[in-house]
Amino acid sequence: MTPISFLHDLTWDDLPDLVRARARACLLDLLGVAAGGLGTRLSRIIRDHAAEDMPGPMPLLFDGRSAAPAAAAMAMGMTIDSLDGHDGYNPAKGHIGCPLLPALLVFGHQRAVSGQEVLTTLVMGYEFGARVSEAQHATCPDYHTSGSWGAVTAAAAGARLCGLSPEVTRHALGIAEYHGPRSQMMRCIDDPTMVKDGSGWGALCGVSAVQLAARGFTGAPAITVEDAPGAWTGLGTDWRILKQYFKPYPVCRWAQAPIEGVLALRRAHGVTAAQVDRIEVESFHEAIRLATARPVTTEEAQYSTSFPCAVAMVRGDVRPEDIDGDALCDPEVLRLSEGLVMTEAAEANRVFPGTRLARVTLVLRDGQRLTGDWMTPRWDWQDPPSDVELVDKFHALADPVLGRDRASAIHAAIEGLEHTPLSDLTALLFRAV
């Protein structure tokens, strides 16, 4: 099966029950993170930019205004990305759903498609995006953001929903790959700002590529799709959507194993933050590069290892409200964050990116050293969250923004989406908060 035939020919009946359930879970999680990110300064800026500078008919997510379709996709992707709590794929070192969902909702809304078709396209997009990301990592020496290969993923979803021919689809994918944002991920790790993972620009590029190809603009081939056959095995059998991780905390995935290490020692020994002189973390190179110890923005807090570890030690959890606003000035958190010692570990480097390892030591004021086991992040693909845990996460993020009733209605609409039109869901998504 070729990538383009898979893109167009996959049906709901082809999907195992577990894959169908995971599609609903990914959709719920992405929308919860989007709701949680709505109050960030990043989201407010990008939604204003889309509505005021790029006007058009496409409703903006949770906003009440509208913009051009590509601009609406950009704003949605960047709103999700503004709170780093969305699902991801270890081999990609990035996130498939974030650039994919905007294209789904934009073209699904425009074409008035069924909920079942959107869910099927969502699965196709995760399968396509996983392989495009692997192909790009295998053929390009630089580590680019999710928006780079995410642009091709978004274009794949749009090509399917718009019913493009196979040849026109080739051009859409090629345009998206050529113009996708080849932004350098480690640049944002070293100097965290609102540019983040590039997913919003990838969504904009993917939507634009479909629109251009439909008008006759050419751009084929997409090298990652047509010239990297080793990445395209297992289509329709090896379901990569089942290999996505979820995040319990709204910070970079690379910091989450250290957080688990802190929390495990805190629970096991009944230690309070006041007893701790410093935290020591051994982990892989990229996690050590998350080095902002005294963040002044939520972006710096989300792309830090030391700050969320300190938050976990002080508060026993890491929530959105812990990484923004006045919480960034907590003196006890800052004491532990600025004193945290990070060391690069060969064992952790060896298994990255497939596994993210960290080991934590708490050095107490009385001189004791409490060293934990090697930890991996919670909710990795081999041990995913339960349905209850994921629903609880959704409500924790969405309820304060949307209200319990509206959040519950969105959850119910997703659960029944395979039997209803997409408009039953988007009617709840495109109203202002």
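Predicted model, so just to flag it, every value in this text is computed and none were measured.

*Asks:* Would you mind going over the overall build of the protein chain with me for this structure?
*Replies:* For the protein chain, the count of helices and strands is 20 helices and six strands. Taken over C-alpha atoms, the radius of gyration comes to 21 Å for the protein chain, in line with the 22 Å a tight globule of 433 residues would show. With the C-alpha coordinates of the protein chain rotated into their principal frame, the extents come out at 70 × 45 × 40 Å. Considering the protein chain as a whole, with its 433 residues, one finds that 60% of them fall into the buried category. For the protein chain, restricting intrachain contacts to residue pairs at least 6 apart in sequence, the fraction spanning at least 24 positions comes to 77%. Within the structure as shown, the protein chain displays about 15600 Å² of accessible surface, and the carbon and sulfur contribution to it stands at 52%. For the protein chain, the centre of its 38 positive side-chain charges and the centre of its 53 negative side-chain charges are spaced 2 Å apart.

*Asks:* Sorry, what's going on with the UniProt feature "domain: MmgE/PrpD N-terminal" (unreviewed entry) in the protein chain here?
*Replies:* Look at the UniProt record and you will see "domain: MmgE/PrpD N-terminal" (unreviewed entry) annotated at residues 5-224. Structurally, residues 5-224 is divided into 66% helix and 2% strand, and its ends, taken at the C-alpha atoms, are 16 Å apart.

*Asks:* What is the right way to read the layout of surface pockets from this model?
*Replies:* Rolled over the atoms, a probe sized like a water molecule indicates the empty space that remains. Considering only enclosed or pocket space, the largest pocket measures out at about 540 Å³ in volume. The element best represented in the lining of the largest pocket is helix α18 (residues 387-402), accounting for seven residues. Residues of the lining of the largest pocket, tallied by class, amount to 12 nonpolar, five polar and nine charged. Here the lining of the largest pocket spans two domains, and each of domain 1 (3-247 + 385-430) and domain 2 (255-375) adds at least three residues to it. What the second largest pocket holds in volume is close to 320 Å³. In terms of lining, the second largest pocket is formed by 16 residues, of which the most central are Ala21, Arg22, Ala25, Asp387 and Leu390. Elements supplying a minimum of two residues to the lining of the second largest pocket: α2 (17-37), α18 and α19 (404-415). Partitioning the lining of the second largest pocket into residue classes produces 10 nonpolar, two polar and four charged.

*Asks:* What is the right way to read the side chain of Ser199 from this model?
*Replies:* Tracing the sequence through the fold places Ser199 in helix α10 (residues 199-214). If we skip the residues at most four places from it in the chain, Ser199 touches Asp81, Cys98, Pro99, Ser146 and Gly147.

*Asks:* Would you explain helix α5 (residues 97-111) in this entry?
*Replies:* The periodicity of an α-helix, 3.6 residues per turn, causes residues three or four places apart in sequence to face the same way. Given a rise of 1.5 Å per residue, 15 residues ought to cover 21 Å, and the 20 Å separating the end C-alpha atoms of α5 matches this to within 8%. With 12 of 15 residues buried, α5 is to be regarded as a mostly interior element. Among all positions in α5, only Gly97, Cys98, Pro99, Leu100, Leu101, Pro102, Ala103, Leu104, Leu105, Val106, Phe107 and Gly108 are buried. Trailing α5 by a residue or two, Ala112 shows a phi angle of about 50 degrees, which is positive.

*Asks:* Explain the nonpolar core here, please?
*Replies:* Most often, soluble globular proteins keep nonpolar side chains buried together rather than apart. Ranked by internal contacts, the top residues of the largest apolar core, which has 152 residues, are Phe128, Leu173, Trp254, Ile279 and Ile410. Of the residues forming this core, the biggest block, 11 residues, is contributed by α2. Taken domain by domain, the makeup of this core includes at least three residues from each of domain 1 (3-247 + 385-430) and domain 2 (255-375). Apart from residues no more than four positions distant in its own chain, Phe128 is found in contact with Pro3, Leu7, Val152, Ala156, Leu173, Val225 and Trp232.

*Asks:* What's the story with the UniProt feature "domain: MmgE/PrpD C-terminal" (unreviewed entry) in the protein chain in this structure? I'm lost.
*Replies:* Mapped onto this structure's residue numbering, the UniProt feature "domain: MmgE/PrpD C-terminal" (unreviewed entry) falls at residues 249-417. Secondary structure content for residues 249-417 is 46% helix and 13% strand, while the C-alpha to C-alpha distance between its ends is 27 Å.

*Asks:* Help me understand unusual backbone geometry in this model?
*Replies:* Peptide bonds are mostly trans, and most non-glycine residues show a negative phi. The linkage connecting Ala220 with the following residue, Pro221, adopts the cis geometry, with an omega of 5 degrees. Tracing the sequence through the fold places Pro221 in the loop between α10 and α11 (223-226). Residue Pro353 follows Phe352 across a cis peptide bond; omega there is 10 degrees. By the element assignment, Pro353 lies in the loop between α17 (346-351) and β5 (358-364). Non-glycine residue Lys196 carries a positive phi angle of around 50 degrees. Take Lys196: it is sitting in the loop between α9 (185-190) and α10. You can call Lys196 buried: its relative accessible area is 3%.

*Asks:* So what exactly am I meant to see when it comes to the domain arrangement of the protein chain here?
*Replies:* In many analyses, interface size is given as the accessible surface area lost on bringing the parts together. We note that the domain assignment places domain 1 (3-247 + 385-430) and domain 2 (255-375) within the protein chain. The centre of domain 1, based on its C-alpha atoms, is set 31 Å off from the matching centre of domain 2. Facing the 21 residues of domain 1 at the interface are 15 residues of domain 2. In total, domain 1 and domain 2 occlude about 1600 Å² of area from one another, counting both sides; carbon and sulfur atoms represent 57% of this. Considering only the surface of domain 1 that becomes buried against domain 2, Asn90, Ile189 and Pro192 emerge as the three largest contributors, covering 32% of it. One can count one salt bridge joining domain 1 with domain 2. One salt bridge connects Asp190 with Arg289, and the closest N-O pair in it is separated by 2.8 Å. Taken together, domain 1 and domain 2 are joined by six residue pairs in polar contact (both at pLDDT 80 or more). With five residues, α9 is the single largest residue contributor to the side of domain 1 that touches domain 2.

Cut-offs and rules
Residues numbered from 1 in each chain as written. Predicted model: local features only at pLDDT ≥ 70, side-chain atom pairs only at ≥ 80, totals over all residues. Heavy atoms only, no water. Helix = DSSP H or I, 4+ residues; strand = E, 2+ residues; numbered from the N terminus. Rg over C-alpha atoms; globule rule 2.2 N^0.38 Å. Buried < 20%, exposed > 50% of the residue type's maximum accessible area, 1.4 Å probe, protein only. Contact = heavy atoms within 4.5 Å. Areas by Shrake-Rupley, 256 points an atom, 1.4 Å probe, with all protein chains shown as cover. Lys, Arg positive; Asp, Glu negative; His and termini not counted. Charge placed at Lys NZ, Arg CZ, Asp CG, Glu CD. UniProt positions renumbered as here; feature names shortened; annotations may be inferred. 1 Å grid on protein atoms, 1.4 Å probe; cavity = no way out; pocket = protein on both sides within 12 Å on 5 of 7 lines; lining within 4 Å. Points joined across faces, edges and corners; volume = space filled by probe spheres on them. Nonpolar A, V, L, I, M, F, W, Y, C, P; charged D, E, K, R; others polar. Domains from an automatic or database assignment. Expected span 1.5 Å × (residues − 1). Core = buried A, V, L, I, M, F, W, Y, C linked by side-chain atoms within 4.5 Å. Buried area = accessible area lost by both parts, 1.4 Å probe. Salt bridge = Lys/Arg side-chain N within 4 Å of Asp/Glu carboxyl O. Polar contact = N/O pair within 3.5 Å; in protein donor to acceptor, adjacent residues only side chain to side chain.

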